[in-house]
Amino acid sequence: MKFGVIVFPGSNCDRDMMHALQDDLQQEVVPLWHKDRDLSMFSTNDCIVLPGGFSYGDYLRCGALARFSPMMEQVINFANNGGKVLGVCNGFQILCESGLLPGVLLQNDHQKFVCKNVFIKSENNQNVVGRAVGDQILKIPVAHGEGRYHADAATIETLQKNNQIVFRYCDESGQVHIQSNPNGATNNIAGICNANRNVFGMMPHPERATSDALHNIDGRAILTAFTHMN
Amino acid sequence: MQATLDQAIKLGLREEEFEKIKEVLGRTPNFTETAMYSVMWSEHCSYKNSIKWLKTLPRDGEKLLVKAGEENAGLVDIGDGWGCVFKIESHNHPSAIEPFQGAATGVGGIHRDIFTMGARPIASLNSLRFGKLDNPKTKWLLKGVVKGIGHYGNCFGVPTVGGEIYFENCYQTNPLVNAMSVGVVEVNKGLTVSATSHGAGNPVFIVGAATGKDGIGGASFASADISEDSINDLPAVQVGDPFEEKKLLEACLELIKTGVVIGMQDMGAAGITCSTSEMSAKGEHGMIIHLDKVPTRQSNMKPWEMLLSESQERMLVVVEKGKEAEMQAIFDKWDIHCVQIGEVTKDQNLKYYMDGELVADVPAESMVLGGGAPVYDREYTEPKYFQEIAKFNAESIIVPSDLKEVAYSLVQLPTIASKRWVYNQYDSMVGTGNTHTNAPSDAPVVRVHGTKKALAVTTDCNSRYVFADPYKGGMIAVAEAARNIVCSGGTPVAITNCLNFGNPYNPEVYYQFVNAIKGMGEACLKFDTPVTGGNVSFYNQSEDGPVYPTPTIGMVGVLESLTDKMTMNFKKPGDLIYVVGLNRNDINCSEYLHHIKNVTHSPAPYFDLEEEAAVQETILRLIKLKLIFSAHDISEGGLFVTLLESAMAGGLGFNISTDANIRKDAFLFGEAQSRVVVSVNPDLHALFEAEMKNVPFAKLGTINYNQDIVVDGESWGFLNDWKEAYDTAIEKQLAN
């Protein structure tokens, strides 16, 4: 099993993701350039990661340009064939823009960029991440200006009914309420997956919480989940 | 067409400088040439009014791989084949006019200084000064500056890990925005690059963004007093594109690895003019430049506009002849302009052509600092306000009866209160190197990936102290920076400084400048932290007068391993709290005296360089011996604020007693220097006290098992209530 990490021109969490996977979780990682279009070395056991950053500067809607990159065409095929895909922060935005995940990420309700530790908890054990995390309350950093998850009521209801909500923002004791929501996301949604449960998107950055040197390893459970079979 | 004296003066040159240009050239310069000299000989580029004194600062040290002023930034050896490149720079005037772009491009500019030398930036800091926070304009400036810093840094992908913000009336019209960048480079792999140019026939490239009319004359704009009319200088403010710079960073670092680069310099102040002349002068060669080849953002740009443009995200690169294609491939990969605009010549003149016509022809060396740029010796006299300071008598201040209320007001002063409204808007964690988030220390500690090492980084300057006593205040700025590094477990290595002062032609301002330099220099010698470079920003004044003299110190320290790190939070209930250093009967120049008692003029607080060095040596030893569990230095707000900050970070209250020999307000809120609050396991207290050979110390009390704060047996309430007041003070003011 190996990970592929896509590097867009404005990715800035690509190296962090590679450090986390290689150094902290001892995983094999292949960097992928956004202009390339070869994913032949990846099987559906593998996982493609879309890291955080500002893929094309985010002057247009976040992720709106990245979805058109040659590599993204391949990622869409890869996902549709059942391959695992994880998008973090800007990666989540790209997955929504490319239609691999429903909904959209809007500007934070307070209209400011926000970077701080938040707490999240898994919603259910109907997906590989939820099973790995269990009922732990995880402390994971967020860093985004446009992280307010939004979808129409019908979509939210479907996500809920299908157990596609992977993470919600909560407080240290696991309570989900408006004060524990860093950006005004609908129903405190921090991460979701697709109906097939092989494509995941989340705003918090698990790769920033995998190292003892940073005094927080809560992100390991999330990333390790992708080494398991679906 | 020959330029006239009138034109030269309008461009900011002095009459004798225009004469000097004629002498250099042996003819009257044309307008384009005059414009070029006007920016190169502006204070911002030439340091003409400061260089004499800058040269007196200690600039040597065994760890310095590049001497001050030799390159775009300092380079120090951090061991194991790695070097650290760091620098601080001001963007005060642009930020005063257009806070968002002014601050954003300040951040972009300082990062370019770092990666133009081959280093990857891993941390940025900023030191900000504003007027009173209840003023609507201050709120606008603060919001804009913070958004600008966040906009650029967050997208560029370098964490903003620390800094400082002060609010004082003197910065009302002229805020200060100083940005610092710290990068690392593998020096033993030869990955550093010099800003030089040599080898006749080697191609000269411009890479990065297209050249526009933004920022024309920015360096001259930075070298004049600011006024209400400065808004008319808006085109002198540049516009930043952090996405372009992120690509430029990656492309440049990739290019450097190929080994084809002769020299590289970023385009900041004075754009093409500055980069071509400084690189050529350094390499003792000349250049032929074809301006018509420069990619432009708008049509019909005149030669002088292209030469002076300060459009951001550009670099001048000289590579070995024959390697052009190798270079082009890398920049194509990143979709960045990469255009050959000329070549290096043996003849040491710079010849600029436009559509085949020679538009300027100047000797490179005549333009630059250390070459033909003028050097002035300015007069200085002791400021008159010193008399008012001398009149201050602490006895006239009655010790307040309700010290708890005073403390409560103090922790909500914007200079002291939590800056979380600010720093939560900065990505402080990208790069997964910043250990500060989950384990705060006096100076943020950032690990260096690929090594066991970490860097402790800080910016410091209490400008009120410098105003009260420029010499002592200059020493304190360096000492406090070193103290913060030491309290974090680091060994101070070197400094960069950003010298923000008023108009140098004012002898009282120049007195402040000269004496602050003397103080800084002496402290740098004591702590063995040479000056690696930095920036001088004069003309920080408005109709209200000059700002406080503000020589901001950016310091870097090294930790051989993260296990050497010390944090500031109280760890364990029952641990003993000590102060290392002597508590004194001193309220001088404190936040308490200035903002609670409204005394604007008082002497600088107590400071003794030898005492400071002994305290720092002791703290570092205690950390190595693992005899202390927390360390936090006493600074603005005094002992009480220090205790509260350690308590808030640890979630534990404290119980302390004051000293009957010291007035209570001085004990709790005084800012006498060279003191550090530490906590000690009771079982180790004898060992701890045995190490206090060279320094005075006192036991203050203990860490509580609960959130109670107790002073002299009296309850001062619960930690969470204090924390709420401290955390939300700035947010509440901004919401109004």
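Quantities reported herein were computed from a predicted structural model and do not represent experimental measurements.

### A few points about the UniProt feature "active site" (unreviewed entry) in chain A
Residue and element names in this part refer to chain A. Summarizing the sequence annotation, UniProt attributes the feature "active site" (unreviewed entry) to C89, H205 and E207 in the numbering used throughout. For this annotated set, covering 119 residues, all C-alpha atoms fall within 11.1 Å of each other, a compact arrangement in space. Structurally, C89 is set in the loop between β4 (84–88) and α3 (90–97). With a relative accessible area of 6%, C89 lands in the buried category. The contacts of C89, once residues within four sequence positions are left out, are G52, A143, H144, M202, M203 and H205. Relative to the helices and strands, E207 resides in the loop between β11 (199–202) and α6 (220–225).

### Describing the domain arrangement of chain B
All names here are of chain B. As far as domains go, chain B holds domain 1 (58–190 + 427–564), domain 2 (193–375) and domain 3 (566–736). The C-alpha centroid of domain 2 is placed 26 Å from the C-alpha centroid of domain 1. The interface is formed by 36 residues belonging to domain 1 together with 38 residues belonging to domain 2. Here domain 1 packs against domain 2, burying approximately 3,000 Å² in sum over the two surfaces, 56% of which is carbon and sulfur. Ranking the residues of domain 1 by area buried against domain 2 places I97, R112 and F115 at the top, with a combined share of 22%. Applying the counting criterion to the domain 1 and domain 2 interface returns 4 salt bridges. Measuring nitrogen to oxygen at the nearest pair gives 3.3 Å for the salt bridge that ties E71 to K282. Between domain 1 and domain 2 we count 13 residue pairs in polar contact (both at pLDDT 80 or more) in total. Breaking the side of domain 1 that touches domain 2 down by element, the ones donating at least two residues are α6 (92–97), α7 (99–115), β4 (120–130), α8 (136–156) and β18 (541–542).

### Here we look at the packing of aromatic side chains
Residue and element names in this part refer to chain B. Inspection of the entire model under this criterion finds 29 aromatic pairs over all chains. Judged by centre distance (5.0 Å) and plane angle (65 degrees), the rings of F513 and F538 are edge-to-face. Here F538 lies in the loop between β17 (531–537) and β18 and F513 lies in helix α20 (residues 507–527), a separation of 25 residues in the sequence. Just as F513 is buried, F538 falls in that class too. Taking 6.2 Å as the distance between ring centres and 65 degrees as the angle between the ring planes, the aromatic pair formed by F640 and F654 counts as edge-to-face.

Definitions and cut-offs
Residues numbered from 1 in each chain as written. Chains lettered and ligands numbered in written order. Predicted model: local features only at pLDDT ≥ 70, side-chain atom pairs only at ≥ 80, totals over all residues. Heavy atoms only, no water. UniProt positions renumbered as here; feature names shortened; annotations may be inferred. Helix = DSSP H or I, 4+ residues; strand = E, 2+ residues; numbered from the N terminus. Buried < 20%, exposed > 50% of the residue type's maximum accessible area, 1.4 Å probe, protein only. Contact = heavy atoms within 4.5 Å. Domains from an automatic or database assignment. Buried area = accessible area lost by both parts, 1.4 Å probe. Salt bridge = Lys/Arg side-chain N within 4 Å of Asp/Glu carboxyl O. Polar contact = N/O pair within 3.5 Å; in protein donor to acceptor, adjacent residues only side chain to side chain. Phe/Tyr/Trp six-rings, centres within 6.5 Å; stacked < 30°, edge-to-face > 60°.

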